[in-house]
Amino acid sequence: MIIISSKSSSQFISRYEGNYHKDIILGIGGGQVAEEAKWVGKHLRKEVILVPTNLSCDAFWTKTVAVRIPGKQPVYVDAVRPITVEFDGEILTICHKRYLVAGWADILSGITAMDRMAGNQYTIQMCKLIDKCCYPGTVEEIKVLFDTLEEEVKLCDLAGSSAVEEGLEHKIAYELEKYNKFDLLHGELVFMGIQLLMQKGFLMSSSCDKIKYFFNKLEIKPTEWVKLFGKDLCEAIVDEVWR
Ligand SMILES: [Zn+2]
């Protein structure tokens, strides 16, 4: 067995290393560890099992890894899909809330796609996933996030593209990534993208209600992050992707 972990997540290795006897790659950690494990799994032709120590994105369920080249949009390359993603409520309740909250961004981002693809069969299903959105406080609420992220990835696979989930807000997020010296998470940049589209009046009001409801529950509001990056830069980015 090959175990891949990060410094902060290595404390959880002993909980899992004895559980599997097979010749597998065991990844314990956040999104980056998930990507590494999938990549190593591809190259060593081994099965991958993941234990997320946070739910900051949907990478735990996808078979792709994002290759990031500075100054460019990430390129998604096929790796392997994990055969199991373990839900560990104990680990996930002690992880910092911002890493869980950020995970909802990859579901809520479906809202902008919805406005664009109204009536499409997959957007109706995406809508049902968006309705499950709740602030991840209790283990039960964290499990809702876990299950919803898994379902979202399945839905994108079924639809044959991530277009039901990723819209303009993701384009904005990838642009913001270039200027992200504040270490904001992918999901937080996506939240900023949604906030900016909403501010510009580019989202339907029914969509805005759902987003505002969730944003109101956040410790730090996306409007605060917009201030960090500066209004001018944000507006220039929105204008650029909207064209
Ligand atoms: Zn995303």
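Residues numbered from 1 in each chain as written. Predicted model: local features only at pLDDT ≥ 70, side-chain atom pairs only at ≥ 80, totals over all residues.

**As for the overall build of the protein chain**
In step 1: Across its full length, the protein chain holds 13 helices and six strands.
In step 2: Relative to the compact-globule value of 18 Å for 243 residues, the protein chain shows a C-alpha radius of gyration of 18 Å, a close match.
In step 3: When each of the 243 residues of the protein chain is scored for burial, the buried share is 41%.
In step 4: Residue pairs in contact within the protein chain that sit at least 24 positions apart in sequence constitute 66% of those at least 6 positions apart. (Helix = DSSP H or I, 4+ residues; strand = E, 2+ residues; numbered from the N terminus. Rg over C-alpha atoms; globule rule 2.2 N^0.38 Å. Buried ≥ 20, exposed ≤ 12 C-beta atoms within 10 Å, placed from the backbone. Contact = placed C-beta atoms within 7 Å.)

**A short note on the environment of P82**
In step 1: Inspection of the secondary structure puts P82 in the loop between β5 (75–78) and β6 (84–85).
In step 2: What makes P82 buried here is the crowd of 25 C-beta atoms within 10 Å.
In step 3: C-alpha of P82 to C-alpha of S10: the two residues are 72 residues apart in sequence and 19 Å apart in space.
In step 4: Filtering out sequence-adjacent residues up to four positions away, P82 remains in contact with K38, V48, I49, L50 and F60.

**Focus: the packing of helix α7 (residues 121–131) against helix α8 (residues 139–159)**
Helix-helix packing is described using two parameters, namely the angle between the two axes and the distance between the axes.
In step 1: Remark: α7 packs on α8, axes separated minimally by 10 Å, with the N-to-C direction vectors making an angle of 175 degrees. As far as their axial angle goes, α8 and α7 are roughly antiparallel. Taking contact as the criterion, the partners of Y122, Q125, M126 and L129 in α7 are, on α8, T148, E151, E152, L155, L158 and A159.
In step 2: Class assignment for the residues of the contact of α7 with α8 results in six nonpolar, two polar and two charged. (Axes fitted to C-alpha atoms, helices over the stretch in contact; angles between N-to-C directions. Parallel < 35°, antiparallel > 145°, perpendicular 65-115°, else oblique. Nonpolar A, V, L, I, M, F, W, Y, C, P; charged D, E, K, R; others polar.)

**Re the domain arrangement of the protein chain**
In step 1: Once the domains are mapped, the protein chain shows domain 1 (1–95) and domain 2 (103–243).
In step 2: The centre of domain 1, based on its C-alpha atoms, is set 23 Å off from the matching centre of domain 2.
In step 3: Counting residues at the interface gives 13 residues for domain 1 and 16 residues for domain 2.
In step 4: Residue classes in the side of domain 1 that touches domain 2 are distributed as six nonpolar, six polar and one charged. (Domains from an automatic or database assignment.)

**Here's the deal with the environment of E169**
In step 1: Here E169 shows up in helix α9 (residues 168–177).
In step 2: With 29 C-beta atoms counted inside 10 Å, the residue E169 sits in the buried group.
In step 3: In the structure, E169 is positioned 154 residues away from R15 in sequence and 38 Å away in space, judged by C-alpha atoms.
In step 4: In this structure E169 touches S109, T112, V190, G193, I194 and L197, once residues within four positions along its chain are discounted.

**Re the sheet that holds strand β1 (residues 2–5)**
In step 1: Read from one edge to the other, the open sheet built from four strands follows the order β1-β2-β3-β6, with strand pairing classed as parallel. In this open sheet, the two edge strands, each paired with only one partner strand, are β1 and β6.
In step 2: Helix-sheet contacts for helix α2 (residues 31–44) involve β1, β2 (24–29) and β3 (47–52), and the interaxial angle to β2 is about 170 degrees. (Pairing = 2+ DSSP bridges.)

**Considerations on helix α10 (residues 186–199)**
In step 1: With 14 residues, α10 extends 20 Å from end C-alpha to end C-alpha; this agrees with the ideal 20 Å at 1.5 Å per step.
In step 2: In terms of burial, α10 is largely enclosed, as 13 of its 14 residues are buried.
In step 3: Positive phi shows up at G201, right after α10, with a value of about 80 degrees. (Expected span 1.5 Å × (residues − 1).)

**Topic: unusual backbone geometry**
In step 1: You will see that R45, though not glycine, has its phi angle at about 55 degrees, which is positive.
In step 2: Even without being a glycine, D183 presents a positive backbone phi close to 55 degrees.
In step 3: One can find D183 in the loop between α9 and α10.
In step 4: With 6 C-beta atoms counted inside 10 Å, the residue D183 sits in the exposed group.

**Some thoughts on the packing of α9 against helix α13 (residues 231–242)**
In step 1: Interaxial distance between α9 and α13 falls to 10 Å at its minimum, and their mutual angle equals 130 degrees. It follows from the interaxial angle that α9 and α13 lie oblique. Crossing of α9 over α13 shows right-handed handedness. Along its contact with α9, which presents L168, K171, I172, E175 and L176, the element α13 presents I237, V238, V241 and W242.
In step 2: In terms of residue class, the contact of α9 with α13 is made up of seven nonpolar, no polar and two charged. (Left-handed = near helix turned anticlockwise from the far one by under 90°.)

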